Amino acid sequence: MGSVLRSTALLHSIHEKYPNAHVTWLTKAPSHILLKNNPRIDRVVTLDEVGLLQLEALQFDVVFNFDKSLETGGLLGRLSYSLLFGFRVDRRSGAILPATQSARELWEVGLSDQLKFFENKKTELQLLTEAMELPFDRSYEYILKLTETENDYAKIRRKKWLGTHQALVGINTGCADVISYKKLSIEGHRQLISQLKQSLNVQVVLLGGPAETERNQQIAKDLDVICSPTNDGLRDGLVSMQACDTVISGDSLGMHMAIGLKKWVVAWFGPTCAHEIELFDRGVKVLSQATCGPCWKRDCHKVTMCYDQVNFSEVVDSVQKGFEQNLWRNQSSSTKRPLLETVS
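Here's what I pulled together on the structure shown here. Computed from a prediction, not measured in an experiment: that's the story for all the values here. (Residues numbered from 1 in each chain as written. Predicted model: local features only at pLDDT ≥ 70, side-chain atom pairs only at ≥ 80, totals over all residues. Heavy atoms only, no water.)

Digging into the overall build of the protein chain
Within the protein chain one finds 13 helices and 11 strands. Here the protein chain has a C-alpha radius of gyration of 21 Å; the compact-globule value for 344 residues is 20 Å, and the two agree. Along the first, second and third principal axes, the C-alpha atoms of the protein chain reach 65 × 45 × 40 Å. For the protein chain, buried positions account for 49% of its 344 residues. Accessible surface for the protein chain amounts to roughly 17100 Å². Of this, 48% is attributable to carbon and sulfur atoms. Distance between charge centres in the protein chain, computed from 40 positive and 40 negative side chains, equals 2 Å. (Helix = DSSP H or I, 4+ residues; strand = E, 2+ residues; numbered from the N terminus. Rg over C-alpha atoms; globule rule 2.2 N^0.38 Å. Buried < 20%, exposed > 50% of the residue type's maximum accessible area, 1.4 Å probe, protein only. Areas by Shrake-Rupley, 256 points an atom, 1.4 Å probe, with all protein chains shown as cover. Lys, Arg positive; Asp, Glu negative; His and termini not counted. Charge placed at Lys NZ, Arg CZ, Asp CG, Glu CD.)

Notes on the sheet that holds strand 5 (residues 96–98)
If you walk across this open sheet you meet the 3 strands as 3-4-5, and the pairing is mixed. The open sheet terminates on both sides in strands that have one partner only, identified here as strand 3 (59–65) and strand 5. Here the average twist between neighbouring strands, direction ignored, is 40 degrees. (Pairing = 2+ DSSP bridges. Axes fitted to C-alpha atoms, helices over the stretch in contact; angles between N-to-C directions.)

Topic: the packing of helix 8 (residues 148–162) against helix 11 (residues 234–242)
At a minimum axis separation of 8 Å, helix 8 and helix 11 run at an interaxial angle of 50 degrees. In terms of orientation, helix 8 lies oblique with respect to helix 11. Here the hand of the crossing between helix 8 and helix 11 comes out right-handed. From helix 8, Glu150, Asn151, Tyr153, Ala154, Arg157 and Trp161 reach across to helix 11, where they touch Arg235, Asp236, Val239, Ser240 and Gln242. Partitioned by chemical class, the residues of the contact of helix 8 with helix 11 number 4 nonpolar, 3 polar and 4 charged. (Parallel < 35°, antiparallel > 145°, perpendicular 65-115°, else oblique. Left-handed = near helix turned anticlockwise from the far one by under 90°. Contact = heavy atoms within 4.5 Å. Nonpolar A, V, L, I, M, F, W, Y, C, P; charged D, E, K, R; others polar.)

Notes on the environment of Gly250
Tracing the backbone shows Gly250 in the loop between strand 9 (246–249) and helix 12 (253–260). Taking C-alpha positions, Gly250 is 8.5 Å from Gly270, a pair spaced 20 residues apart along the chain. Excluding residues that lie within four positions of it along the chain, Gly250 makes contacts with Lys182, Met255 and Trp268.

With respect to the pairing of strand 9
Residues Thr246 and Ile248 of strand 9 are buried on one face, and the alternating residues Val247 and Ser249, pointing to the opposite face, are buried as well. Where strand 6 (residues 167–172) meets strand 9, 3 bridges bridge the pair, whose relative direction is parallel. In the strand pairing of strand 9, Gly170 is matched with Val247. Inspection of the sheet shows strand 9 paired to strand 10 (residues 264–269) by 4 bridges, in the parallel sense. Across the sheet, Val247 pairs through a bridge with Val265, a residue of strand 10. You can see the chain leave strand 9, run along helix 12 and come back into strand 10, and the turn it takes is right-handed. (Right-handed = clockwise from strand over helix to strand, strands pointing away.)

Functional significance is not addressed by these values, which are geometric in nature.
As structure tokens, then:
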């Protein structure tokens with residue numbers, strides 16, 4: 001779902017190249033929930049039985065296929081279109097191939113660890129935009145829009161949670177099961193919270209979904225933190241994140257949500273590639289001190305994991321940097337307030 005959210009940045013380029021485009025976005029549930037209220041998408045179709053029937057009624061001039069999978073190749077076989085950009089499937093071998101020469105670089109990066117981990121310096125957004133033969137502009141950000149009601153709820157939560165503290169720091173505590181060690185351990189989260197509370201006058205909010213409900217309770221035990229609602233759906237999770245000033249996260253959907261909401265993001269990286277992520281000058285990337293990353297391994301059984309080698313002092317300093325930059329950015333030269341006070 002993080003990849004779906006990141007891909008919304010391409011909507012700027014699509015409308016630049018095709019000014020009168022009518023955009024239909026195809027995705028699996030529940031990713032469609034992240035696309036709600038998006039002003040640059042005309043129709044969202046979920047890939048279920050009803051959605052597939054809807055697609056049979058449509059004729060497309062251009063299709064952009066971001067996904068490299070046999071499943072998407074089968075979907076392309078059911079679409080009626082004139083031009084294809086991105087990736088296709090060879091019908092005889094089942095091989096995933098670039099649909100045009102422009103997609104070859106992104107295709108090759110996906111085949112070579114040497115290219116992906118060490119040689120490539122482009123963000124995933126740049127690679128993807130170029131693969132689709134669209135104009136790339138680094139200022140083109142994710143498009144993630146809350147409704148007026150959702151923004152009102154966020155303001156209510158912020159007022160309730162902030163209390164006498166100067167800022168709210170949200171910590172996204174989970175990640176998908178594909179690479180489950182893109183999240184800190186329970187004890188690691190507790191250590192990070194302790195350092196944050198010792199150094200800064202902040203309230204910490206634990207963020208996450210249903211999978212993090214019990215985990216967040218374990219992290220929060222005997223600590224002065226707030227557990228946000230985790231069982232009320234993705235949009236409610238966005239409301240909780242909107243209430244926060246800063247978000248700390250591993251490379252996960254939560255990180256992409258924070259980027260989309262234009263929060264100051266402190267993202268830590270171990271198994272995945274930090275250079276592929278664009279923070280749009282609103283955040284800091286903290287790299288694990290593990291020497292074996294990035295690796296993109298789905299299983300790892302080292303005694304000391306990469307998430308055990310994240311420098312929490314660097315994370316706290318990065319949070320402080322965000323407060324400093326945001327305070328100065330939001331104040332005129334005549335009304336600048338002092339920087340966030342540290343707790344002695």
